[in-house]
Amino acid sequence: MAKTKRAVIGGVDTHGLTHHAAVIDEQGRLLDDAQFTADTAGYRQLAAWLRRHGDVLKVGVEGTGSYGAGLATFLLEQGVTVLEVDRPDRRTRRRRGKSDAIDAEAAARAALSGTATALPRGRHGVIESIRALRIARSGAVKARTAAINSLKSLLVTAPAALRESLAGKGSSALVAACARLRAGDDLSDATTGVKAALVAVARRVTQLDAEIAASDARLGQLLAAAAPTTMALKGIGPDHAGQLLATAGANPERLRGEAAFAHLCGVAPIPASSGKTNRHRLHRGGDRDANRALHLAVVVRMRYCQRTRAYVTRRTTDGLAKPDIMRCLKRYLAREVYHAIKADFEALHRA
């Protein structure tokens, strides 16, 4: 009779260039640890190394959203159950010390004990494209804001005649006017030098405007095809929808329900009562960008949605403060968004 292989659990501490792995058995005994390169060859070696020790039940991986993303994707494609592991807290590190081997073993023990239960966010298909395009757009928007601030800063100390000729213009008009300036060749003259700087910065803003517009067009096309139900929600624009889809990931089935999605977005209520005060607040964890998207959508609904305005009036009459009303609305909106995203993904899988 063939001997049954023992079951093992892996843990990985991830870094930019290397990953350190540990493997334990079901009784929690450390069997081995080793280091591998953070590339496809290293992923193959790590998976083979784990299987040499037994049947791999699951692997706890730190940083599945950053350095561990490639490894998590590779292991999932190999049919291995991957769990997302948080970094050890400071108290544990003070007690046990800090090293890659210790962190890898801690990740394996978190997977074994059930402390780590979250599945990593999927990074493939149209949702990964949306996430990547949003990162590019966000960087361009920040750079554009910085460039406009530089333009206005240059004008504060510009020669009087130049400053006065450009005074009173809005950002768009100022950029256009600066782009039309003719600097001249004598850069030893202060006015010429400032004009040359203004032209350079204005052209940078123009290039960034074109980049943002191109990103918006691509995102609009992707979102219209991938998330029509989510986009149809009142107050949810392309930017908000893209962020919420990226937060859910390419595998929203990893979320146990709308309550889990609310927790992921940082809008799950937790008790905050004391004495005669009985109230709840939203926990301060979760994806803060998703929280911001829900918050801005609620602001839009409070201004333009008649049903939301009626709800605000009723709860205000009940004595609820505006911040608490907004917390309730964010939680309700998270429920709507979850079901819309779920419907969009079901439609995508049927297509």
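Look a little higher up for the structure.
Computed from a prediction, not measured in an experiment: that's the story for all the values here.

Take the nonpolar core next. Ranked by internal contacts, the top residues of the largest apolar core, which has 39 residues, are Ile-236, Leu-244, Leu-245, Phe-261, Leu-294, Val-337 and Ile-341. For this core, the secondary-structure elements that each account for two or more residues are α5 (125-156), α8 (190-226), α10 (238-248), α11 (258-264), α12 (288-304), α13 (306-317) and α14 (322-350). Looking at this core element by element, the count peaks at 10 residues for α14. Residues within four places of Leu-245 in sequence aside, it is in contact with Ile-127, Ile-130, Leu-223, Ala-227, Ile-341 and Phe-345. One finds Val-8, Phe-36, Leu-46 and Val-82 within the second-largest nonpolar core, a separate group that totals 19 residues.

Further remarks concern the layout of surface pockets. Taken as a whole, the second largest pocket spans an internal volume of roughly 500 Å³. If you go around the second largest pocket, you meet 18 residues; those closest to its centre are Arg-134, Ile-135, Ser-138, Gln-243 and Asp-289. Elements supplying a minimum of two residues to the lining of the second largest pocket: α5, α10 and α12. Of all the elements, α5 adds the most residues to the lining of the second largest pocket, at seven residues. Along the lines of polarity and charge, the residues of the lining of the second largest pocket split into four nonpolar, four polar and 10 charged.

The strands that make up a sheet pair up through hydrogen bonds in the backbone, lying either parallel or antiparallel. In spatial order, the strands read β3-β2-β1-β4-β5; together these five strands make up an open sheet with mixed pairing. For this open sheet the edge positions go to β3 (30-37) and β5 (82-85), each flanked by a neighbour on one side alone. Averaged over all pairs of adjacent strands, the angle between strand axes in this sheet comes to 25°, irrespective of strand direction. Strand direction decides the pairing type here: strand β1 (residues 7-14) and strand β2 (residues 18-25), joined by seven bridges, are antiparallel. Each bridged residue has a counterpart across the sheet, and for Val-8 the counterpart in β2 is Asp-25. Packing against the sheet, helix α2 (residues 69-77) makes contact with β1, β2, β4 (55-62) and β5, and its axis sits at approximately 155° to β5. Across the sheet, helix α4 (residues 100-113) is in contact with β1, β2, β3, β4 and β5; its angle to β1 comes to roughly 135°.

This brings us to empty space enclosed by the protein. In this approach, a probe sized like a water molecule rolls over the atoms, and the result shows the empty space that is left. Under the counting rule described, the total for this entry stands at two cavities of 30 Å³ or more. The calculated volume of the second largest cavity comes to roughly 30 Å³. For the second largest cavity, the full set of lining residues is Arg-121, Gly-122, Arg-123, Ile-127, Glu-128, Arg-131, Ala-246, Gly-249 and Ala-250. At three residues, α5 tops the list of elements feeding residues into the lining of the second largest cavity. Of the residues belonging to the lining of the second largest cavity, the class tally is three nonpolar, two polar and four charged.

Counting buried residues in β2 gives seven out of eight residues, a clear majority hidden from the surface. Where β2 meets β3, seven bridges bridge the pair, whose relative direction is antiparallel. Paired with Ala-22 across the strands is Asp-33, a residue of β3. What sits between the antiparallel neighbours β2 and β3 is a turn of four residues, in which Gly-28 has the positive phi angle 85°.

In this section: the environment of Ala-111. Turning to its location among the elements, Ala-111 is positioned in helix α4. The exposure class of Ala-111 is buried, given its relative accessible area of 0%. The spacing of Ala-111 and Val-59 is 52 residues in sequence and 6.7 Å in space, taken between C-alpha atoms. With residues up to four places along the chain from it excluded, the contact list for Ala-111 reads Ile-9, Lys-58, Gly-60, Leu-83 and Ala-116.

We now examine the side chain of Asp-25. Turning to its location among the elements, Asp-25 is positioned in strand β2. Under the relative-accessibility criterion, Asp-25 is labelled buried at 4%. Of the polar contacts made by the side chain of Asp-25, one reaches the side chain of Arg-29; its length is 2.7 Å. With near-sequence residues (within four places) excluded, Asp-25 lies in contact with Ala-7, Val-8, Ile-9, Leu-31 and Leu-112.

The next thing to look at is the packing of α5 against α10. Close contact between α5 and α10 brings their axes to 9 Å; oriented N to C, the two are set at 125°. By the angle between their directions, the pair α5 and α10 is classed as oblique. With respect to the hand of their crossing, α5 and α10 are arranged in left-handed fashion. The segment α5 lies against α10, with Ile-127, Ile-130, Arg-131, Arg-134 and Arg-137 engaging Asp-239, Gly-242, Gln-243, Leu-245 and Ala-246.

Rules and cut-offs
- Residues numbered from 1 in each chain as written.
- Predicted model: local features only at pLDDT ≥ 70, side-chain atom pairs only at ≥ 80, totals over all residues.
- Heavy atoms only, no water.
- Core = buried A, V, L, I, M, F, W, Y, C linked by side-chain atoms within 4.5 Å.
- Buried < 20%, exposed > 50% of the residue type's maximum accessible area, 1.4 Å probe, protein only.
- Helix = DSSP H or I, 4+ residues; strand = E, 2+ residues; numbered from the N terminus.
- Contact = heavy atoms within 4.5 Å.
- 1 Å grid on protein atoms, 1.4 Å probe; cavity = no way out; pocket = protein on both sides within 12 Å on 5 of 7 lines; lining within 4 Å.
- Points joined across faces, edges and corners; volume = space filled by probe spheres on them.
- Nonpolar A, V, L, I, M, F, W, Y, C, P; charged D, E, K, R; others polar.
- Pairing = 2+ DSSP bridges.
- Axes fitted to C-alpha atoms, helices over the stretch in contact; angles between N-to-C directions.
- Polar contact = N/O pair within 3.5 Å; in protein donor to acceptor, adjacent residues only side chain to side chain.
- Parallel < 35°, antiparallel > 145°, perpendicular 65-115°, else oblique.
- Left-handed = near helix turned anticlockwise from the far one by under 90°.

That's the geometry; what it means functionally is another story.
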